[in-house]
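Examination of the molecular architecture
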Amino acid sequence: QVQLVESGGGLVQPGGSLRLSCAASGFTFSGYVMNWYRQAPGKERELVAAITIFSGQTNYADTVKGRFTISRDNAKNTVYLQMNDLKPEDTAKYYCNARSWPTDYWGQGTQVTVSS
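Summary of the structure given here. Please read all numbers here as calculations on a predicted model, not as lab measurements. The residue numbers shown here count from 1 along each chain, following its written sequence. Local features are withheld for residues below a pLDDT of 70 in this predicted model, meaning they are given only at 70 or higher, and side-chain atom pairs are given and counted only at 80 or more; totals for whole chains, interfaces and linings count all residues. The basis for every side-chain value is the complete set of non-hydrogen atoms in the structure, without hydrogens or water.

1. Structural notes on the overall build of the chain
Strands here mean DSSP runs of E at least two residues long; helices mean DSSP runs of H or I at least four residues long; both are numbered from the N terminus. Within the chain, the regular secondary structure consists of zero helices and eleven strands. Helices and strands in the chain line up, N terminus first, as β-β-β-β-β-β-β-β-β-β-β. The C-alpha radius of gyration computed for the chain amounts to 13 Å, which stays within 12% of the reference 13 Å derived for 116 residues, consistent with globular compactness. Along the first, second and third principal axes, the C-alpha set of the chain runs to 40 × 25 × 25 Å. With a 1.4 Å probe rolled over the protein chains alone, any residue whose accessible area is under 20% of its type maximum counts as buried; one over 50% counts as exposed, and the rest are partly exposed. Here the chain holds 116 residues, and the buried ones make up 40% of them. What makes two residues a contact is simply this: any of their non-hydrogen atoms within 4.5 Å. When contacts within the chain are restricted to residue pairs at least 6 apart in sequence, long-range pairs at least 24 apart make up 53% of them. Radius of gyration means the value over C-alpha atoms here, while the globule rule gives 2.2 Å times the residue count to the 0.38 power.

This is the structure we're talking about:
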């Protein structure tokens, strides 16, 4: 059974940091590109960060470049999203995604709220 379980979300003040984790099971984690998406109320889901299979390349949305860092540990079947200098506009539900065309797996999401 495929599972992607996100954790680490919560309420944080502007300028604060959070580290999201996504634990994967039920598939060959090391063979998948891993992505973090987010969706704010009333908005479309957007790609925040992506990391290739062997961590050789990462990509970020312009809105988070320089503040967020994606990483993966293939030995632990886990992908991380370190989020620094958080802003109110980062408030959203964050989703972990595993992709190896044509297969797509999604987690249930973890809520991040940035507010004073």
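2. Notes on the environment of R99
Relative to the elements of secondary structure, R99 occurs in strand β9 (residues 92-100). Between the C-alpha atoms of R99 and S17, which are 82 residues apart in sequence, the distance is 27 Å. In protein, a polar contact requires one atom able to donate a hydrogen and another able to accept it; more generally it is a pair of N or O atoms within 3.5 Å, and residues adjacent in sequence count only if both atoms are side-chain atoms. For R99, the side chain forms a polar contact with the side chain of D104, separated by 2.8 Å.

3. What to know about the pattern of salt bridges
For side chains of opposite charge, pairing can occur when their charged atoms come near one another. Salt bridge, as applied in this entry: a Lys or Arg side-chain nitrogen positioned within 4 Å of an Asp or Glu carboxyl oxygen. Within the structure shown, the criterion is met by six salt bridges. D90 is the partner of R38 in a salt bridge, and the nearest nitrogen-oxygen pair spans 2.9 Å. Placement of R38 in strand β4 (residues 33-39) and of D90 in the loop between β8 (78-83) and β9 is noted, with a sequence separation of 52 residues between them. The residues R38 and D90 share a single accessibility class, namely buried. With a shortest N-O distance of 3.2 Å, D62 and K65 are connected by a salt bridge. The class of D62 is exposed, set by a relative accessible area of 65%.

4. Some thoughts on the packing of aromatic side chains
Between the rings of Phe, Tyr and Trp (Trp by its six-membered ring), a pair exists once the centres lie within 6.5 Å; its type follows the angle of the planes, with under 30 degrees stacked, over 60 edge-to-face, and the other angles tilted. Throughout the structure, instances matching the rule amount to four aromatic pairs. Relative to Y105, the ring of F27 lies with its centre 5.0 Å away and its plane at 45°, an arrangement referred to as tilted. Taken together, the residues span a long stretch of sequence, with F27 in the loop between β3 (18-25) and β4 and Y105 in strand β10 (residues 103-106) at a distance of 78 residues. On the accessibility criterion, Y105 (23% relative accessible area) is partly exposed. Taken together, the ring pairs connect F27, Y32 and Y105 into an aromatic cluster. Two limits define a charge over a ring: the Lys NZ or Arg CZ must be within 6 Å of the ring centre, and within 35 degrees of the ring normal. The ring of W106 has R45 lying over it, and the distance from NZ or CZ to the ring centre is 4.7 Å. Positioned above the aromatic ring of F29, the side-chain terminus of R72 is 4.6 Å from the ring centre.

Don't take any of this as a statement about function, it's just geometry.
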